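# Descriptive structure summary
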Amino acid sequence: MKASKLTIMGLALLFTGLTVCKKPDAEVSEAPKKAADLSAVVVFAVGDSKIQHADQTEEKAQLGALLKSGDNVVTGDNGKVDIQFADGSSIRISPKSAIDFAKLSQDNSGTTDTQIALVSGKVFAKVNKAKKEDNFTVVTPTAIAGVRGTSFIVEAAEGKPAKVKVVEGAVAFAPRVPALEKLSSEEISGNADLKKLQESIAKAEVILEKDQASTQSAKSADLAKSADIQTLDLNKAFKTAEKEKLVVESAKLTKNEEQEIKTIVTVDKQTAQEIAKLSETAQTEKLDELKKQEIDAKRQAIESEVAKRQEEEKKKFEESLANQPKEFKSKKDIVNYYERIEKIVLVDGKTVIGAIINQENGQLIVHTENGVKRIDMDNVEEVIYDLQQKSKF
């Protein structure tokens, strides 16, 4: 995808208040046409996570929960939430993450504008390629990812530079200077130093395509530290933007990252509307016990179906690891992908080193640097787990 075909957000983004913790400050330019608010819906959730609404009410993140502009989601240590948007795009929020839904809207022409703030943590996204004017933007405290028609991952650990990995499509990735974003175009154009800084930030943007990634440098992330223009050293900021270029690298997804992006749950439009309606009915109507049971039964049936699909996708992915294995040149490559490696000691004293993919039909399926091996359990004397912590590769 060429850069000219991307719908790339400028640096003037506006986010509404966040009720959980400090979010990326940004400004959003006014929509040229009257916009109608849209809703997003939770289609899958595991673990302990919560939604805090703009009206200060709070609820558990569960199937059917609705999100609108100004709402936010916080996932617990084991929490994971899949959210589907009106256009069919979807995201997976990883454990220990905080996301603010800054803007979910659609104008009179049907163009959608989705802007989310990744306060901290990690988010996986699959964005539908619809109208070229549609906008889907992820903002972290230090950077902006403007995307369209793509699958990608954004990570922003608290206090750390942002990182983007592109699985499909393209992402426009740029550093942020929130102090500059708060100024009007007139204020910037009337000041030579501010204009120079704005131009240097625009030039720092890179277009990441399939299997590409980029991570900010610490100095680039420091551009976001000043809350207002009075506390920003313009000369230092300009030099930083000029010198600390974003570097395009190979994405090098881990096994867990591949699995997460490939198993994001989506449902058809009719099912999405049904689960949203169930949630609204449960919240807005005075229900008798029989009606509550009926709604709960429908919700559980949908939850079971979605969970079944989730497991099927996970199983397909695990089978692909064995049937269409990646080629690894070294044990280090295995550790980088699987984030672990095991040592299998056989009864005859020989050893096999690799990552155990699965155990089935009395066999261990192990991914080694020489391909996938299947080892009969009867021939296994011992398995030494987490070998990467005991040995250097």
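The rules we used
- Residues numbered from 1 in each chain as written.
- Predicted model: local features only at pLDDT ≥ 70, side-chain atom pairs only at ≥ 80, totals over all residues.
- Heavy atoms only, no water.
- Buried < 20%, exposed > 50% of the residue type's maximum accessible area, 1.4 Å probe, protein only.
- Helix = DSSP H or I, 4+ residues; strand = E, 2+ residues; numbered from the N terminus.
- Pairing = 2+ DSSP bridges.
- Phe/Tyr/Trp six-rings, centres within 6.5 Å; stacked < 30°, edge-to-face > 60°.
- Core = buried A, V, L, I, M, F, W, Y, C linked by side-chain atoms within 4.5 Å.
- Contact = heavy atoms within 4.5 Å.
- Axes fitted to C-alpha atoms, helices over the stretch in contact; angles between N-to-C directions.

As annotated in an unreviewed UniProt entry, the protein carries the name Lipoprotein LipL45 and comes from Leptospira soteropolitanensis.

Where burial is concerned, most of helix α6 (residues 255-262) is hidden: 6 out of the 8 residues are buried. Those residues of α6 not exposed but buried are Lys255, Glu257, Glu258, Gln259, Glu260 and Ile261.

All right, on to the pairing of strand β22 (residues 371-376) then. Across 6 bridges, the pairing between strand β21 (residues 363-368) and β22 is antiparallel. Paired with Thr368 across the bridge in β22 is Gly371. Here β21 folds back onto β22 in antiparallel fashion, the turn holding 2 residues.

A separate point is the packing of aromatic side chains. Scanning all chains against the criterion turns up 6 aromatic pairs. Judged by centre distance (6.5 Å) and plane angle (80°), the ring pair of Phe136 and Phe152 falls under edge-to-face. Of this pair, Phe136 sits in strand β13 (residues 135-139) while Phe152 sits in strand β14 (residues 143-156); the two residues are 16 residues apart in sequence, bridging distant segments of the chain. Of the two residues, Phe136 and Phe152, both sit in the buried class.

Let us now look at the nonpolar core. Membership of the largest hydrophobic core comes to 37 residues, with the highest contact counts inside it found for Ile83, Ile91, Phe101, Phe136 and Phe152. Looking at this core element by element, the count peaks at 6 residues for β14. With residues near it in sequence (within four places) discarded, Phe101 still touches Leu67, Lys68, Ser69, Gly70, Asp71, Asn72, Val73, Ile83, Phe85, Ile91, Gln115 and Ile116.

Our next topic: the sheet that holds β21. Read from one edge to the other, the open sheet built from 5 strands follows the order β22-β21-β20-β19-β23, with strand pairing classed as antiparallel. Each end of this open sheet is capped by a strand with a single partner; those strands are β22 and β23 (380-384). The sheet shows a mean angle of 45° between the axes of neighbouring strands, direction not considered. Helix α9 (residues 331-338) rests against β20 (351-360) and β21 of the sheet, and its axis sits at about 30° to β20.

The residue Ile116 is located in strand β12 (residues 112-126) in this model. Between the alpha carbons of Ile116 and Lys103 there is a distance of 6.8 Å; along the sequence they are 13 residues apart.

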